Every structure is written in C-alpha cells, then in structure tokens.
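Tertiary structure, described
Here is how the chains run, residue by residue.
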Amino acid sequence: MNQAMSANANVDTARQWLKRQSRWSPFEIVFWLALLLPFFLFPTYLPLASQIAIAALFALSVDLILGYAGIITLGHAMFFGLGAYAAALLAKAGWSEPLTGLLFAGVFAGLIGFITSFMIVRVQHLALLMITLGLGVLTLELANAMSWLTGGTDGLRVPRTWPIFNYFRFDLWGYTSYGYTLAVLFICFLLSRLLVNSSFGLALRGIRENVKRMPAIGSDHHRHLQKIYTISAAMAGLAGALLAQTTSTVALDVLSFTRSADVIVMLVLGGTGRLYGAIVGAIIFLVARDQLAGINPQYWYFWIGLLLMVVVLFMPKGILGFLSRLAGRRDND
Amino acid sequence: MTDQKEIVLRTDSLSKKFGALQVTNAVRLALPRGCRYALIGPNGAGKTTLINLITGQLKPDSGSIFLGGDDITGKSVSARVRAGLTRTFQINTLFPDLTPLEAVTLAVCEREGKAGQFWQPLSAHGAAIDEAFETLKSIGLAAAATRPTRTLPYGQQRLLEIALALATKPRVLLLDEPAAGVPKDESAALFEVIAALPSDISVLFIEHDMDIVFKFASRIIVLVAGGVLLEADPEEVRTDQRVREVYLGKGHHV
C-alpha cells in the first residue's frame, strides 16, 4: 500500500505524510491517563510519583539536547540545582508563590544555560563531555563554598510553598504535589512535542544526523544548538524548582554528578529521542530504586547497572524503542 | 550586450599550502551566469581543495573570492550558501534517518530563515513543503520522497545531494564528482539532470569520465599541481599537447 501511495505521490500526500508524523496516537492518550492512576490506586506512593514526575521532567530536558540535537552532557544537574536553589532562595526571601517561583527558577537556569551555550556549541564528543562535567563540578563546588547562601552541606530549609492559585494547599499525602508536578510535566511535554515536530525540531534532527551538512544547506547550526541548550537548561531548572517547592528542602546533591549521570541512565533505559523515553525511564529507575532499596538498601544500584547493560546490549534504542519495533514489525515489512 | 556574459563567481590568485605542499596555486577563475564548466585534472591536482576554498570549508592563505561582485573570502560556509554559493559532496553527505522530503524541506526552511521557529508544527510551513516536493519531483525523486534516506538506492542518494543544494536556490553550484560511484550508464542520466538545471544557475562540476566532460561542459578548466594549466573549450582541451602529457596520458581510459 505504501508503495502504491509513493508511486503516484503528489504535493498533497507529501503534506499529509508530514502531518501524520506528528499526530497523537491512542497509546499516548492512554499513557497520560495512566499517569493519573496513582491518585486512585496508590495514594501512599504519591510522594514517589512526584519524584518520578520531577525526574521525568529533568530527563525530558536532557532528551531535547541528547536525543534530538546530539549534545552529550554529564553536567546537566547544574541547571537542575540552579533552579532548585533559585526557587528556594526566592522562598527564603519571603516569596513562596509556586508559579512565579517556578518561572523565576526557569528563567535563571535558562540564562545560565544561554551563557554557557557559547562554550558548549564549540566542542564535540569527549571534549563536550569534559566541558559539561567540568561546569557541573564547578557549580557544585561553588555552591559548597558559598555556604552562607546555599547552606553548604547542611542544605537549605525552604519555607512552605503557598497554595497553588491561592487554593490548592500542599498536603501531607502529596495529592497537590503530584498534581502540580504532573501538570508542569505535561505542559512541558506538550511544548517539547510541539518543538520536536516544528521546523526547528527538524533542524535539530538534521544536526544529529549530519552536522557537517548543515552549513552546506545554509544553516547557522550553532544558533540552533544554543537555542535548544538554553531551552533545555530552563526546563531542567523548572524540575529543580519543583523539587525545592514540593519537598521544602534543598541539599547540595541537587547539583551532584550522580544526578547528572542518573538522568542519562534513565534516558538510555527508556530510549532517547522519543520524549516518552524520558518518562518511562524515570518510572523504571525510581520504581526500581524504591523496590530494590527495600530488599537490599546497600546494593540497589547493582541491579540498575545490570538492567542498564541488558538494555544497552539487547535494546539499543531503549525499552520504548524495543517495544515500538515489536509493534511496528508488521508495518515495516 | 556582447557575448561577454556577467561573471557570477570569481577567484583572484587563490593559494593554499598544506605544510610545504602547494595544493592551490594562484588560481584565477571566472564563472559566467548560467555556465556549465568542468574542472578536471589528475588525482591530487587539488580539485576538491579548490572547491573547499571557494565554499569556505578551508581558508585560503592568500587570494580572494567574489560572488556577484561581493568579496566573500571572510564569510562562513553557511553565509556563503545563503548568498547563493552552494556545493555538493563527492562522498554522500546526507541525513540518513530523514526522508528526502524532510531534508529538502529543512533546506528550504533554512533558506527562508524559518528553521528556528519552534512554536508551530512543520506542517504550518505548507509553501516550504510544496517547494521541497516540487524540487524532488523536478529531479525525479518524487516517488522516494517519504522513504528514509538510508534506504534509498545509491544513485537516488546522489540525486538527493543535488536536490539539497538546489533547495538553497544557488546562483553558483559546485558539484564535486556528482556521479562518483555511479555505474557509467546511470551517470549519463544523472548528468542529463544536471544539464537540465535552471539556465540561470552557474555550474562547475568535477568529473573524471572524459566522455561526460566533453559532452556536458561548455568549457573546461584543467588543474595540475594546484594551478590552472589551461582553461578552454572542449575541442581545444582535447587537442592540447600539454593536457595529453600531464593528464590524459596518465591512466586515462576511453
């Protein structure tokens, strides 16, 4: 059928074909509805569900640069942490309104992202890993040294966040927290989905597919990379701010190398370059950590390592890539 | 107007050294509007290096490049493309996982400065998509438009190289061995496509097959050891004694 369509292809089918690429599938709608289940089925796990939504948002921000633009990073916790401290310090200064705090943190992280992007776009491969790693470590040590501001190793106690829309109070059970984090994740997901299906998203895929060709079709691809890096940094900042606002505490580990590495692990588990991989990866990682830590608190990371190796060896496009290949096998033939 | 046509691309004593090796030696070129020039020369003559210099992949040690009268010597590769100077590559330099339709649409969006817009879906750029499809159709790739590039036969990938370049609306098109690796019978068809390109585009192509060069080039530039040995009509090149000695004599098969 595909063959017949291509044979008498015309402009209309070309347009329609491109439009089809970004259509919502029933799977996606079911997936998002399923994310509401914790409210009804596992209310005792709502705090974990909030953690997952925050990690998923962070992983989503990394997917935009890693999965779509091909920028590898080992230091993205830098923006997560900057967002967390920005929201926390704003709250400490007396302003605990959640949405403006979120916005403030996103803009701050995005600004730092924009400034560092000038360095990021000039290097590739190992040098890029080292630059991002270096920037991450630098920020962590800076936050450690500035303990008068950040609380250093003691961390910061954040004043309780005001009710959302002056109505939804943050409750002990985490209903509001999960609703809030899930809503922010969903909005950021919609924006990301729009972005990757735009002409800009196409340009990013072009950069990932063949960066050498981009200048030869007239693309100023450094500007594209700076733009997506800034957007990604802002989104990571939002995730950090959500953590600060919902847990009322910020510790130095928001900036840690482990956080930068874990988010890559989540993405690789879920599958890069498909947005949903970020969410699926975050669910697997944090549920596994929760369950495995209950069995054996000291060695839970052993199992994550094992899972990671199995996925990389047998499902190179992540768990979602594997599933979509199974589902699409018939279509591709 | 006399038979002296408007010069679109000009290089002025362009030189480049790799270490002690003079790879480009005071090259002067002038491409008139709508020309079909061939650049020939033995292996290592510096043909690709010359194209890299003109399009900005390499910086010349000395000399200048003018596009339509403007000095573009200091401009970046992408700025030159936006000014109308585009190339294709000897080795396929494509986007393997994009479809031809997506790749050419991207090139059109870049040309129109729309590639940075992330707030509306690609399908909102209907005119760009239509133009991309028409470009693909014009060189015979309509049927392959929505298949991933990596699944296309090699010959179609060579055509896509040209389609991507055309989408930038070039004034000057430099084709680095457009038929490299294509079987001889197919390469003639490929050059028919090149010959049929819009008549206001100036084309300079590198090609080793002398039958094709003599058939499709209106004028031939012979490059030897980085310098222009001769620039002349095909008939003159065919009979020139020096060309026979340095070029046709060495491993040329007819």
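Quantities reported herein were computed from a predicted structural model and do not represent experimental measurements.

Each value, and the rule that gives it
- Residues numbered from 1 in each chain as written.
- Chains lettered and ligands numbered in written order.
- Predicted model: local features only at pLDDT ≥ 70, side-chain atom pairs only at ≥ 80, totals over all residues.
- Heavy atoms only, no water.
- Helix = DSSP H or I, 4+ residues; strand = E, 2+ residues; numbered from the N terminus.
- Rg over C-alpha atoms; globule rule 2.2 N^0.38 Å.
- Buried < 20%, exposed > 50% of the residue type's maximum accessible area, 1.4 Å probe, protein only.
- Contact = heavy atoms within 4.5 Å.
- Buried area = accessible area lost by both parts, 1.4 Å probe.
- Salt bridge = Lys/Arg side-chain N within 4 Å of Asp/Glu carboxyl O.
- Nonpolar A, V, L, I, M, F, W, Y, C, P; charged D, E, K, R; others polar.
- UniProt positions renumbered as here; feature names shortened; annotations may be inferred.
- Domains from an automatic or database assignment.
- 1 Å grid on protein atoms, 1.4 Å probe; cavity = no way out; pocket = protein on both sides within 12 Å on 5 of 7 lines; lining within 4 Å.
- Points joined across faces, edges and corners; volume = space filled by probe spheres on them.
- Pairing = 2+ DSSP bridges.
- Axes fitted to C-alpha atoms, helices over the stretch in contact; angles between N-to-C directions.

1. Some details on the overall build of chain A
The helix and strand inventory of chain A stands at 17 helices and two strands. On C-alpha atoms alone, chain A measures out to a radius of gyration of 21 Å, which is about the 20 Å that the 2.2 N^0.38 rule sets for 333 residues. Once the C-alpha set of chain A is aligned to its principal axes, its extents read approximately 65 × 45 × 45 Å. The buried share of chain A, taken over its 333 residues, is 53%.

2. What about the interface of chain A and chain B?
Every contact between the two is made by 35 residues of chain A and, on the other side, 46 residues of chain B. Carbon and sulfur atoms supply 64% of the area that chain A and chain B bury against each other, a total of about 3600 Å² over both sides. Where chain A touches chain B, the interface holds three salt bridges. A salt bridge links Arg15 of chain A to Asp130 of chain B, with the nearest nitrogen and oxygen atoms 2.6 Å apart. Counting residues per element, the ones that place at least two in the side of chain A that touches chain B are α1 (2-7), α2 (11-20), α10 (175-196), α11 (199-209), α12 (213-216) and α13 (221-247) of chain A. Of the residues assigned to the side of chain A that touches chain B, the class counts are 16 nonpolar, eleven polar and eight charged.

3. Things to note about the UniProt feature "transmembrane region" (unreviewed entry) in chain A
Residue and element names in this part refer to chain A. When the UniProt feature table is mapped onto this chain numbering, "transmembrane region" (unreviewed entry) sits at residues 29-46, 101-121, 128-149, 178-204, 225-244, 264-288 and 300-323. The span residues 29-46 shows a helical share of 61% and a strand share of 0%, and its end C-alpha atoms are spaced 21 Å apart. The distance from the first to the last C-alpha atom of residues 128-149 is 30 Å, and the span holds 95% helix and 0% strand.

4. Thoughts on the domain arrangement of chain B
Residues and elements named next belong to chain B. Structurally, chain B comprises domain 1 (1-84 + 170-254) and domain 2 (94-169). A straight line from the C-alpha centre of domain 1 to that of domain 2 covers 26 Å. Listed per partner, the contact involves 18 residues of domain 1 and ten residues of domain 2. Taken together, both faces of the contact between domain 1 and domain 2 bury some 1000 Å²; the carbon and sulfur share is 74%.

5. A word on empty space enclosed by the protein
Residue and element names in this part refer to chain A. This model, assessed by the stated rule, comprises three cavities of 30 Å³ or more. As a volume, the largest cavity reaches approximately 60 Å³. As for the largest cavity, its lining consists of Ala87, Ala88, Ala91, Trp95, Ser96, Glu97, Gly101, Val158, Thr161, Ala244 and Gln245. If you list the elements that add at least two residues to the lining of the largest cavity, you get α6 (77-92) and α13. For the lining of the largest cavity, the leading source of residues is α6, giving three residues. Among the residues making up the lining of the largest cavity, the classes are represented as six nonpolar, four polar and one charged.

6. Here we look at the sheet that holds strand β1 (residues 7-18) of chain B
Residues and elements named next belong to chain B. The strand order across the open sheet formed by four strands is β2-β1-β4-β5, and the pairing between neighbours is antiparallel. What marks the edges here is a single partner per strand, and that holds for β2 (21-32) and β5 (70-71). In the sheet, strand β4 (residues 62-67) pairs with β5 via two bridges, with the strands oriented antiparallel. Bridging from a neighbouring strand, Phe66 pairs with Asp71 of β5.

7. Re the sheet that holds strand β10 (residues 227-232) of chain B
All names here are of chain B. Pairing in this open sheet of six strands is mixed, and the strands run β6-β7-β8-β3-β9-β10 from one edge to the other. Across the chains shown, the open sheet's two edge strands, defined by having one partner strand only, are β6 (85-88) and β10. Direction aside, the axes of adjacent strands within the sheet are offset by 20° on average. Taken together, the five bridges between strand β9 (residues 219-224) and β10 define a ladder with antiparallel strand orientation. Residue pairing in the sheet places Leu223 in a bridge with Val228 of β10. Most of the contacts of helix α1 (residues 47-55) go to β6, to which it runs at about 145°, and overall it touches β3 (36-40), β6, β7 (172-176), β8 (202-206) and β9.

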